[in-house]
Amino acid sequence: MDVKDGDKEEKKPIVVKDATDLQRLRLEKLMKNPEKPVLIPERRKDKSLAPPPDFVRNVMGSSAGAGSGEFHVYRHLRRKEYARQKFIQEKSEKEKLDDAYHNRIEENKRKAEERTAKKRAKRLKRKQKTKIKATQPKTNIADNKSSQSNSDSNNSEEELGLDSKQKTDNTTEPNINNVKSDCESGNDHSL
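Reading guide: rules and limits
- Residues numbered from 1 in each chain as written.
- Predicted model: local features only at pLDDT ≥ 70, side-chain atom pairs only at ≥ 80, totals over all residues.
- Heavy atoms only, no water.
- Helix = DSSP H or I, 4+ residues; strand = E, 2+ residues; numbered from the N terminus.
- Buried < 20%, exposed > 50% of the residue type's maximum accessible area, 1.4 Å probe, protein only.
- Areas by Shrake-Rupley, 256 points an atom, 1.4 Å probe, with all protein chains shown as cover.
- Patch = residues over 30% accessible without salt bridge, like charges linked within 9 Å, V, L, I, M, F, W, Y side chains within 5 Å.
- Salt bridge = Lys/Arg side-chain N within 4 Å of Asp/Glu carboxyl O.
- Expected span 1.5 Å × (residues − 1).
- Contact = heavy atoms within 4.5 Å.
- pLDDT = per-residue confidence, 0-100.
- Lys, Arg positive; Asp, Glu negative; His and termini not counted.
- Charge placed at Lys NZ, Arg CZ, Asp CG, Glu CD.

A count of helices and strands for the protein gives 6 helices and 0 strands. Counting across all 191 residues of the protein, residues that qualify as buried make up 3%. Summed over its atoms, the accessible surface of the protein is roughly 19,200 Å², and 53% of this surface lies on carbon and sulfur atoms.

Moving on, we get to a nonpolar patch on the surface. Residues L27, L30, M31, V38 and I40 make up a contiguous nonpolar surface patch of about 540 Å² in total accessible area. Residue placement: V38 occurs in the loop between α2 (19-32) and α3 (68-135). Classification of V38 as exposed rests on a relative accessible area of 55%.

Right, let's talk about α3 for a bit. With 68 residues, α3 extends 101 Å from end C-alpha to end C-alpha; this agrees with the ideal 100 Å at 1.5 Å per step. Among the residues of α3, those classed as buried are Y74, R84 and F87.

Moving on: the side chain of D21. Within the secondary structure, D21 sits in helix α2. Setting aside its immediate chain neighbours within four residues, D21 contacts V15 and V16.

Here the focus is the pattern of salt bridges. Pairs can form between side chains of opposite charge once their charged atoms are near each other. Under the definition given, this model contains 4 salt bridges. When the shortest N-O distance is used, the salt bridge between E107 and R110 registers 2.3 Å. With E107 and R110 both in helix α3, this residue pair falls 3 residues apart, about one helical turn. For E107, a relative accessible area of 30% corresponds to the partly exposed category. The salt bridge partner of R110 is E114, with a shortest N-O separation of 2.6 Å. Here R110 pairs with E114, and both are found in helix α3, just 4 residues apart, close to one helical turn.

Attention now goes to the confidence of the model for the protein. Confidence in the prediction for the protein averages 75 pLDDT; 59% of positions are at 70 or higher. Ranking the elements of the protein by mean pLDDT puts helix α5 (residues 164-172) last, at 49, and α3 first, at 92.

On the surface, K111, R115, K118, K119, R120, K122, R123, R126, K127 and K131 cluster together into a patch of positive charge. Within the element layout of this structure, R120 appears in helix α3. Of the residues examined, R120 reaches a relative accessible area of 38% and is grouped as partly exposed.

Structural data, given as structure tokens:
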């Protein structure tokens, strides 16, 4: 009697509540007999239509002169031609979308490459600066720069040969000739 109870438990219907339950059931079914070959369906081939006929023997229209039997033949040929034209239009639209997609991918790759190249150059530049700083002796750089700038300005004034009176005149009063020439050229400095 224990055998019958075990069979009943196994044969209980399993309720599939979500996709994971369905997948579990399928896997269990596959694993019951691992030697059995699994059928994997092939991918569907793209739809293609027959080319238009080279020579149409029964040329007729939907006019009143055609017989009642001929109208059905005409309707069939018309439907076939419309389906062919629709297929051609859909195929061209799909090709346009594919081309646009591939162009967008190429553009994104190019932009990403430009960004990485820019960042790479910046990174290398920063790395070189740190190498240069590491090789230079560590001194008080701010004091050196300020003393150099003061000595440069004193040297430039001495080279010009300006005496102290001319230095003060140039700093306090603008040159009248320069102002006149600026006004004539259209550079008005007054606001």
